[in-house]
Amino acid sequence: MSNRGAVLESLRADRTLDRWLRGLETEDPPQLDVTLPEADDLPDVLLDLAVPHEDINELVALRARVTQDAEVQRLLELVTRSLACRIGTIGYQTQAPDLPKSWGALGRYFYVFVYVATLPHTLDYHRGLGVPPEISSRTLADIGRNMSRYRTRYGIGGMLHPWWPALHLRGELYQLGRLQFQRATLGNRTGNSVAQAGLPYGPGSPTLGLHIPDHYGPLSPAACDRSLERAREFFAHCYPEERYAIATCHSWLLDPQLQGRLPPESNILRFQRRFRTAYVSPEEFDQGTIGFVFGDPDRPLDALPRRNSLERAIVDHLRAGEHWHVGHGWFQL
(Lines give C-alpha, C1' and ligand atoms only; values in the text may rest on other atoms or scores of the structure.)
Protein backbone atom coordinates (compact mmCIF):
# COMPACT_ATOMS: atom_id res chain seq x y z
CA MET A 1 0.00 0.00 0.00
CA SER A 2 2.95 2.35 -0.04
CA ASN A 3 3.08 2.70 -3.84
CA ARG A 4 1.56 5.88 -5.21
CA GLY A 5 -1.70 5.12 -6.99
CA ALA A 6 -2.16 1.77 -5.27
CA VAL A 7 -4.92 3.04 -2.98
CA LEU A 8 -7.45 4.19 -5.55
CA GLU A 9 -6.41 1.46 -7.96
CA SER A 10 -7.29 -1.21 -5.40
CA LEU A 11 -10.69 0.40 -4.88
CA ARG A 12 -11.39 0.67 -8.59
CA ALA A 13 -10.66 -3.03 -8.99
CA ASP A 14 -13.60 -4.00 -6.79
CA ARG A 15 -17.08 -3.31 -8.14
CA THR A 16 -18.65 -2.47 -4.76
CA LEU A 17 -15.75 -0.30 -3.65
CA ASP A 18 -15.58 1.42 -7.04
CA ARG A 19 -19.28 2.29 -6.82
CA TRP A 20 -18.75 3.61 -3.29
CA LEU A 21 -15.78 5.73 -4.34
CA ARG A 22 -17.58 7.15 -7.35
CA GLY A 23 -20.50 8.06 -5.13
CA LEU A 24 -18.18 9.95 -2.80
CA GLU A 25 -16.54 11.75 -5.71
CA THR A 26 -19.88 12.92 -7.11
CA GLU A 27 -21.03 14.40 -3.79
CA ASP A 28 -20.51 18.12 -3.28
CA PRO A 29 -20.36 18.59 0.51
CA PRO A 30 -19.15 21.82 2.08
CA GLN A 31 -15.36 22.09 2.18
CA LEU A 32 -15.12 21.41 5.88
CA ASP A 33 -11.74 21.31 7.54
CA VAL A 34 -10.38 17.73 7.64
CA THR A 35 -7.34 17.40 9.86
CA LEU A 36 -5.95 14.85 12.26
CA PRO A 37 -4.38 15.67 15.63
CA GLU A 38 -0.60 15.80 15.70
CA ALA A 39 1.08 12.49 16.52
CA ASP A 40 1.84 13.61 20.08
CA ASP A 41 -1.78 14.65 20.64
CA LEU A 42 -3.47 11.68 18.98
CA PRO A 43 -3.20 9.26 21.96
CA ASP A 44 -5.24 11.58 24.20
CA VAL A 45 -7.98 11.87 21.58
CA LEU A 46 -8.06 8.09 21.10
CA LEU A 47 -8.25 7.45 24.82
CA ASP A 48 -11.16 9.90 25.07
CA LEU A 49 -12.93 7.65 22.53
CA ALA A 50 -12.19 4.59 24.70
CA VAL A 51 -9.90 3.14 22.04
CA PRO A 52 -8.21 0.10 23.62
CA HIS A 53 -4.67 0.73 24.82
CA GLU A 54 -3.40 -2.10 22.62
CA ASP A 55 -4.38 -0.11 19.51
CA ILE A 56 -2.87 3.26 20.40
CA ASN A 57 0.72 2.79 19.22
CA GLU A 58 -0.30 1.23 15.92
CA LEU A 59 -2.73 4.04 15.19
CA VAL A 60 -0.14 6.70 16.00
CA ALA A 61 2.35 4.97 13.69
CA LEU A 62 -0.25 4.75 10.89
CA ARG A 63 -1.04 8.45 11.12
CA ALA A 64 2.01 9.28 9.01
CA ARG A 65 0.83 6.98 6.21
CA VAL A 66 -2.59 8.60 6.24
CA THR A 67 -1.25 12.15 6.09
CA GLN A 68 1.71 11.57 3.74
CA ASP A 69 0.04 9.45 1.06
CA ALA A 70 -1.91 11.90 -1.11
CA GLU A 71 -4.48 9.30 -2.14
CA VAL A 72 -5.16 8.11 1.40
CA GLN A 73 -5.47 11.73 2.52
CA ARG A 74 -7.86 12.40 -0.35
CA LEU A 75 -10.00 9.41 0.58
CA LEU A 76 -10.00 10.53 4.21
CA GLU A 77 -11.27 13.95 3.14
CA LEU A 78 -14.00 12.49 0.93
CA VAL A 79 -15.36 10.12 3.59
CA THR A 80 -15.07 12.62 6.44
CA ARG A 81 -16.84 15.41 4.55
CA SER A 82 -19.59 13.03 3.45
CA LEU A 83 -20.17 12.12 7.09
CA ALA A 84 -19.70 15.58 8.60
CA CYS A 85 -22.11 17.29 6.21
CA ARG A 86 -24.87 14.97 7.47
CA ILE A 87 -24.42 15.79 11.14
CA GLY A 88 -27.86 16.40 12.61
CA THR A 89 -29.71 14.35 10.01
CA ILE A 90 -31.37 10.98 10.57
CA GLY A 91 -32.13 7.99 8.40
CA TYR A 92 -29.11 8.12 6.09
CA GLN A 93 -27.79 4.65 5.31
CA THR A 94 -24.09 5.05 6.02
CA GLN A 95 -21.78 3.36 3.55
CA ALA A 96 -18.61 2.02 5.21
CA PRO A 97 -17.61 -1.04 3.21
CA ASP A 98 -14.74 -3.29 4.21
CA LEU A 99 -11.55 -2.06 2.57
CA PRO A 100 -9.19 -4.34 0.62
CA LYS A 101 -7.26 -6.88 2.71
CA SER A 102 -4.12 -5.75 0.85
CA TRP A 103 -4.31 -2.53 2.85
CA GLY A 104 -3.46 -4.45 6.01
CA ALA A 105 -3.68 -2.43 9.22
CA LEU A 106 -4.47 0.75 7.28
CA GLY A 107 -7.68 -0.81 5.99
CA ARG A 108 -8.68 -2.15 9.39
CA TYR A 109 -8.09 1.21 11.08
CA PHE A 110 -9.00 3.65 8.29
CA TYR A 111 -12.45 4.49 9.67
CA VAL A 112 -10.96 5.28 13.08
CA PHE A 113 -9.11 8.15 11.38
CA VAL A 114 -12.35 9.21 9.68
CA TYR A 115 -14.09 9.41 13.03
CA VAL A 116 -11.21 11.24 14.68
CA ALA A 117 -11.28 13.79 11.83
CA THR A 118 -15.08 14.16 12.17
CA LEU A 119 -14.95 14.49 15.95
CA PRO A 120 -14.46 18.31 16.17
CA HIS A 121 -17.50 18.88 13.96
CA THR A 122 -19.62 16.51 16.06
CA LEU A 123 -18.55 18.19 19.30
CA ASP A 124 -19.40 21.61 17.84
CA TYR A 125 -22.86 20.27 16.98
CA HIS A 126 -23.28 18.83 20.49
CA ARG A 127 -22.27 22.11 22.12
CA GLY A 128 -24.76 24.00 19.99
CA LEU A 129 -27.55 21.74 21.24
CA GLY A 130 -26.45 21.91 24.85
CA VAL A 131 -25.45 18.24 25.05
CA PRO A 132 -23.62 17.76 28.36
CA PRO A 133 -19.93 16.87 27.84
CA GLU A 134 -20.28 13.61 29.79
CA ILE A 135 -23.03 12.44 27.42
CA SER A 136 -20.86 13.29 24.42
CA SER A 137 -18.00 11.33 25.97
CA ARG A 138 -20.00 8.23 26.86
CA THR A 139 -21.75 8.21 23.50
CA LEU A 140 -18.55 8.43 21.48
CA ALA A 141 -16.85 5.81 23.67
CA ASP A 142 -18.81 3.29 21.60
CA ILE A 143 -15.98 3.59 19.06
CA GLY A 144 -13.67 1.92 21.56
CA ARG A 145 -16.29 -0.72 22.38
CA ASN A 146 -16.54 -1.54 18.68
CA MET A 147 -12.78 -1.94 18.45
CA SER A 148 -12.63 -4.07 21.59
CA ARG A 149 -15.12 -6.51 20.06
CA TYR A 150 -13.02 -6.69 16.90
CA ARG A 151 -9.89 -7.61 18.85
CA THR A 152 -11.80 -10.17 20.90
CA ARG A 153 -13.03 -11.85 17.73
CA TYR A 154 -9.93 -11.65 15.52
CA GLY A 155 -7.01 -11.07 17.88
CA ILE A 156 -5.83 -7.95 16.03
CA GLY A 157 -6.85 -4.30 15.89
CA GLY A 158 -9.67 -2.95 13.76
CA MET A 159 -13.34 -1.96 13.74
CA LEU A 160 -15.98 -4.69 13.89
CA HIS A 161 -18.84 -2.72 12.31
CA PRO A 162 -17.28 0.45 10.86
CA TRP A 163 -20.64 1.89 9.80
CA TRP A 164 -22.09 1.81 13.33
CA PRO A 165 -20.18 4.75 14.95
CA ALA A 166 -21.32 7.01 12.12
CA LEU A 167 -24.70 7.17 13.90
CA HIS A 168 -22.95 8.59 16.96
CA LEU A 169 -20.84 11.07 14.99
CA ARG A 170 -23.92 12.34 13.12
CA GLY A 171 -25.80 13.06 16.35
CA GLU A 172 -28.33 10.39 15.52
CA LEU A 173 -27.58 8.16 18.52
CA TYR A 174 -26.80 8.91 22.18
CA GLN A 175 -25.86 6.77 25.15
CA LEU A 176 -27.93 7.75 28.18
CA GLY A 177 -27.10 5.37 30.97
CA ARG A 178 -27.64 1.68 30.26
CA LEU A 179 -29.38 2.18 26.91
CA GLN A 180 -28.61 3.91 23.66
CA PHE A 181 -31.30 5.95 21.93
CA GLN A 182 -31.45 6.54 18.19
CA ARG A 183 -33.46 9.36 16.63
CA ALA A 184 -35.55 7.66 13.96
CA THR A 185 -39.00 7.36 12.40
CA LEU A 186 -41.49 4.52 12.58
CA GLY A 187 -41.41 2.05 9.70
CA ASN A 188 -44.52 0.71 8.04
CA ARG A 189 -45.13 -2.46 10.07
CA THR A 190 -44.23 -1.04 13.48
CA GLY A 191 -45.99 2.24 12.66
CA ASN A 192 -49.15 0.40 11.66
CA SER A 193 -49.01 -1.59 14.91
CA VAL A 194 -48.86 1.67 16.86
CA ALA A 195 -51.73 3.16 14.88
CA GLN A 196 -53.86 0.03 15.33
CA ALA A 197 -53.45 0.44 19.08
CA GLY A 198 -55.42 3.69 18.79
CA LEU A 199 -52.50 6.08 19.21
CA PRO A 200 -52.15 9.19 17.01
CA TYR A 201 -48.92 7.94 15.45
CA GLY A 202 -48.02 5.74 12.53
CA PRO A 203 -45.45 5.17 9.77
CA GLY A 204 -43.10 8.15 9.59
CA SER A 205 -43.78 9.39 13.13
CA PRO A 206 -40.73 10.15 15.29
CA THR A 207 -39.46 7.33 17.48
CA LEU A 208 -36.50 6.60 19.71
CA GLY A 209 -34.88 3.32 18.76
CA LEU A 210 -33.43 1.50 21.76
CA HIS A 211 -30.08 -0.31 21.57
CA ILE A 212 -28.42 -2.36 24.30
CA PRO A 213 -24.63 -1.94 24.29
CA ASP A 214 -22.24 -4.69 25.38
CA HIS A 215 -19.96 -4.44 28.39
CA TYR A 216 -22.22 -2.17 30.43
CA GLY A 217 -23.39 -4.37 33.26
CA PRO A 218 -26.77 -6.03 33.82
CA LEU A 219 -29.85 -5.00 31.87
CA SER A 220 -31.68 -4.45 35.15
CA PRO A 221 -35.16 -2.87 35.29
CA ALA A 222 -33.84 -0.10 37.54
CA ALA A 223 -31.02 0.76 35.15
CA CYS A 224 -33.45 0.79 32.21
CA ASP A 225 -35.90 3.00 34.12
CA ARG A 226 -33.16 5.52 34.87
CA SER A 227 -32.03 5.46 31.26
CA LEU A 228 -35.54 6.07 29.95
CA GLU A 229 -36.04 8.96 32.35
CA ARG A 230 -32.76 10.50 31.22
CA ALA A 231 -33.87 10.11 27.59
CA ARG A 232 -37.15 11.95 28.24
CA GLU A 233 -35.25 14.85 29.79
CA PHE A 234 -32.39 14.84 27.27
CA PHE A 235 -34.45 14.91 24.08
CA ALA A 236 -36.92 17.43 25.46
CA HIS A 237 -33.98 19.73 26.22
CA CYS A 238 -31.72 19.14 23.20
CA TYR A 239 -34.36 18.40 20.53
CA PRO A 240 -37.47 20.27 21.72
CA GLU A 241 -38.86 20.41 18.19
CA GLU A 242 -38.81 16.61 17.90
CA ARG A 243 -41.61 15.06 19.94
CA TYR A 244 -40.76 11.48 20.88
CA ALA A 245 -43.74 9.58 22.26
CA ILE A 246 -42.84 6.06 21.10
CA ALA A 247 -39.84 3.86 21.86
CA THR A 248 -38.98 0.94 19.59
CA CYS A 249 -36.55 -1.94 19.57
CA HIS A 250 -35.58 -4.40 16.84
CA SER A 251 -33.55 -7.17 18.40
CA TRP A 252 -33.14 -10.88 19.05
CA LEU A 253 -33.80 -9.91 22.68
CA LEU A 254 -37.46 -9.51 21.66
CA ASP A 255 -37.78 -13.02 20.23
CA PRO A 256 -40.86 -14.42 22.05
CA GLN A 257 -39.22 -17.85 22.17
CA LEU A 258 -36.96 -16.59 24.95
CA GLN A 259 -40.00 -16.77 27.23
CA GLY A 260 -39.86 -20.55 27.11
CA ARG A 261 -36.11 -20.70 27.65
CA LEU A 262 -35.33 -18.16 30.40
CA PRO A 263 -36.62 -17.86 33.97
CA PRO A 264 -39.50 -15.35 34.26
CA GLU A 265 -37.48 -13.05 36.54
CA SER A 266 -34.58 -12.74 34.09
CA ASN A 267 -33.58 -9.21 33.13
CA ILE A 268 -34.04 -10.00 29.44
CA LEU A 269 -37.65 -11.09 29.88
CA ARG A 270 -38.39 -8.12 32.13
CA PHE A 271 -36.97 -5.89 29.39
CA GLN A 272 -38.99 -7.77 26.76
CA ARG A 273 -42.23 -7.28 28.71
CA ARG A 274 -41.96 -3.52 28.31
CA PHE A 275 -42.83 -3.90 24.63
CA ARG A 276 -45.87 -4.65 22.54
CA THR A 277 -44.86 -6.94 19.69
CA ALA A 278 -45.33 -5.42 16.26
CA TYR A 279 -44.02 -8.47 14.38
CA VAL A 280 -41.27 -11.09 14.38
CA SER A 281 -39.02 -11.41 11.35
CA PRO A 282 -39.36 -14.85 9.72
CA GLU A 283 -35.69 -14.91 8.72
CA GLU A 284 -33.37 -16.99 10.88
CA PHE A 285 -31.04 -14.98 13.10
CA ASP A 286 -28.98 -17.82 14.55
CA GLN A 287 -25.56 -16.48 13.61
CA GLY A 288 -26.40 -12.98 14.74
CA THR A 289 -27.62 -14.24 18.09
CA ILE A 290 -24.49 -16.34 18.55
CA GLY A 291 -22.38 -13.30 17.67
CA PHE A 292 -24.07 -11.09 20.26
CA VAL A 293 -24.01 -13.67 23.05
CA PHE A 294 -20.68 -15.40 22.41
CA GLY A 295 -18.71 -12.73 20.52
CA ASP A 296 -18.21 -14.67 17.28
CA PRO A 297 -21.08 -15.63 14.95
CA ASP A 298 -18.95 -18.31 13.29
CA ARG A 299 -18.25 -20.37 16.40
CA PRO A 300 -19.53 -23.93 15.88
CA LEU A 301 -22.47 -24.96 17.98
CA ASP A 302 -20.56 -27.76 19.69
CA ALA A 303 -17.93 -25.27 20.89
CA LEU A 304 -20.34 -22.85 22.56
CA PRO A 305 -20.19 -22.73 26.36
CA ARG A 306 -23.21 -23.08 28.66
CA ARG A 307 -22.01 -21.05 31.65
CA ASN A 308 -25.22 -19.21 32.51
CA SER A 309 -28.95 -19.31 31.85
CA LEU A 310 -28.74 -17.20 28.70
CA GLU A 311 -25.95 -19.25 27.12
CA ARG A 312 -27.78 -22.46 27.97
CA ALA A 313 -30.99 -21.06 26.47
CA ILE A 314 -29.33 -20.08 23.22
CA VAL A 315 -27.41 -23.35 22.83
CA ASP A 316 -30.21 -25.71 23.90
CA HIS A 317 -32.66 -24.03 21.53
CA LEU A 318 -30.30 -24.45 18.57
CA ARG A 319 -29.39 -28.03 19.51
CA ALA A 320 -33.11 -28.81 19.50
CA GLY A 321 -33.20 -27.81 15.83
CA GLU A 322 -34.98 -24.52 16.46
CA HIS A 323 -33.95 -21.07 15.23
CA TRP A 324 -33.73 -17.59 16.69
CA HIS A 325 -35.40 -14.57 15.14
CA VAL A 326 -35.47 -10.78 15.49
CA GLY A 327 -38.47 -9.38 17.30
CA HIS A 328 -39.81 -5.87 16.69
CA GLY A 329 -41.61 -4.08 19.49
CA TRP A 330 -42.68 -0.70 20.80
CA PHE A 331 -44.04 1.02 23.87
CA GLN A 332 -45.30 4.48 24.74
CA LEU A 333 -42.79 6.78 26.41
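Refer to the preceding data block for the structure.
Residues numbered from 1 in each chain as written. Predicted model: local features only at pLDDT ≥ 70, side-chain atom pairs only at ≥ 80, totals over all residues. Heavy atoms only, no water.

A. Quick look at the side chain of Asn-146. Position of Asn-146 relative to the elements: it lies in helix H8 (residues 142-154). When neighbours within four sequence positions are excluded, Asn-146 is seen to be in contact with Met-159, Leu-160, His-161, Trp-164 and Pro-165. (Helix = DSSP H or I, 4+ residues; strand = E, 2+ residues; numbered from the N terminus. Contact = heavy atoms within 4.5 Å.)

B. A look at the environment of Gly-177. Position of Gly-177 relative to the elements: it lies in the loop between strand E1 (173-176) and strand E2 (179-185). Owing to a relative accessible area of 17%, Gly-177 belongs among the buried residues under this scheme. Each C-alpha atom of the pair Gly-177 and Thr-190 lies 25 Å from the other, and the pair is 13 residues apart in sequence. Beyond its immediate stretch of four places on either side in the chain, Gly-177 contacts Tyr-216, Ser-227 and Arg-230. (Buried < 20%, exposed > 50% of the residue type's maximum accessible area, 1.4 Å probe, protein only.)

C. Spotlight on the state of the cysteines. With the rule as written, the count across this model stands at zero disulfides. The structure places no disulfide on Cys-224, whose sulfur is separated from the nearest cysteine sulfur, that of Cys-249, by 10 Å. Assessed through its relative accessible area of 1%, Cys-249 is described here as buried. (Disulfide = S-S within 2.5 Å.)

D. Broad picture of the side chain of Ser-251. Looking at the element boundaries, Ser-251 is found in strand E4 (residues 246-251). A polar contact is formed between the side chain of Ser-251 and the backbone nitrogen of Leu-253, at a distance of 2.9 Å. Residues in contact with Ser-251, not counting those within four places in the same chain, are Val-326 and Gly-327. (Polar contact = N/O pair within 3.5 Å; in protein donor to acceptor, adjacent residues only side chain to side chain.)

E. Layout of the nonpolar core. Of all hydrophobic cores here, the largest spans 45 residues; its most connected members are Leu-11, Trp-20, Leu-75, Phe-110, Tyr-111, Phe-113 and Tyr-115. Breaking this core down by element, the ones donating at least two residues are helix H1 (6-12), helix H2 (15-26), helix H3 (42-48), helix H4 (53-68), helix H5 (70-84), helix H6 (105-129), H8 and helix H9 (165-169). If you tally residues by element for this core, the top one is H6, at 12 residues. Not counting residues up to four positions away in its chain, the partners in contact with Phe-110 are Val-72, Leu-75, Leu-76, Val-79 and Leu-99. Counting 26 residues, the second largest nonpolar core, distinct from the first, contains Leu-179, Leu-208, Leu-228 and Phe-235. (Core = buried A, V, L, I, M, F, W, Y, C linked by side-chain atoms within 4.5 Å.)

F. Expanded view of unusual backbone geometry. Despite not being glycine, Ala-50 has its phi angle at roughly 65 degrees, a positive value. Within the fold, Ala-50 resides in the loop between H3 and H4. The phi angle at His-215 is positive, at roughly 55 degrees, despite the residue not being glycine. Within the secondary structure, His-215 sits in the loop between strand E3 (206-211) and helix H11 (221-238). A relative accessible area of 62% means that His-215 is categorised as exposed.

G. Expanded view of the sheet that holds E2. Here six strands make up an open sheet; going across it, the order is E1-E2-E3-E4-E6-E5 and the pairing mixed. Where the open sheet ends on each side, the last strands, each with one partner, are E1 and strand E5 (276-280). Each neighbouring strand pair of the sheet contributes to a mean axis angle of 30 degrees, computed without reference to strand direction. The sheet contact formed by E1 and E2 spans four bridges and is antiparallel. (Pairing = 2+ DSSP bridges. Axes fitted to C-alpha atoms, helices over the stretch in contact; angles between N-to-C directions.)

H. The arrangement of the layout of surface pockets in detail. Looking at the second largest pocket, its volume works out to about 420 Å³. Taken together, 18 residues form the lining of the second largest pocket, with Asp-98, Leu-99, Arg-108, Tyr-150 and Met-159 sitting closest to its centre. Listed by contribution, the elements that provide at least two residues to the lining of the second largest pocket are H6 and H8. Split by residue class, the lining of the second largest pocket holds 11 nonpolar, three polar and four charged. (1 Å grid on protein atoms, 1.4 Å probe; cavity = no way out; pocket = protein on both sides within 12 Å on 5 of 7 lines; lining within 4 Å. Points joined across faces, edges and corners; volume = space filled by probe spheres on them. Nonpolar A, V, L, I, M, F, W, Y, C, P; charged D, E, K, R; others polar.)

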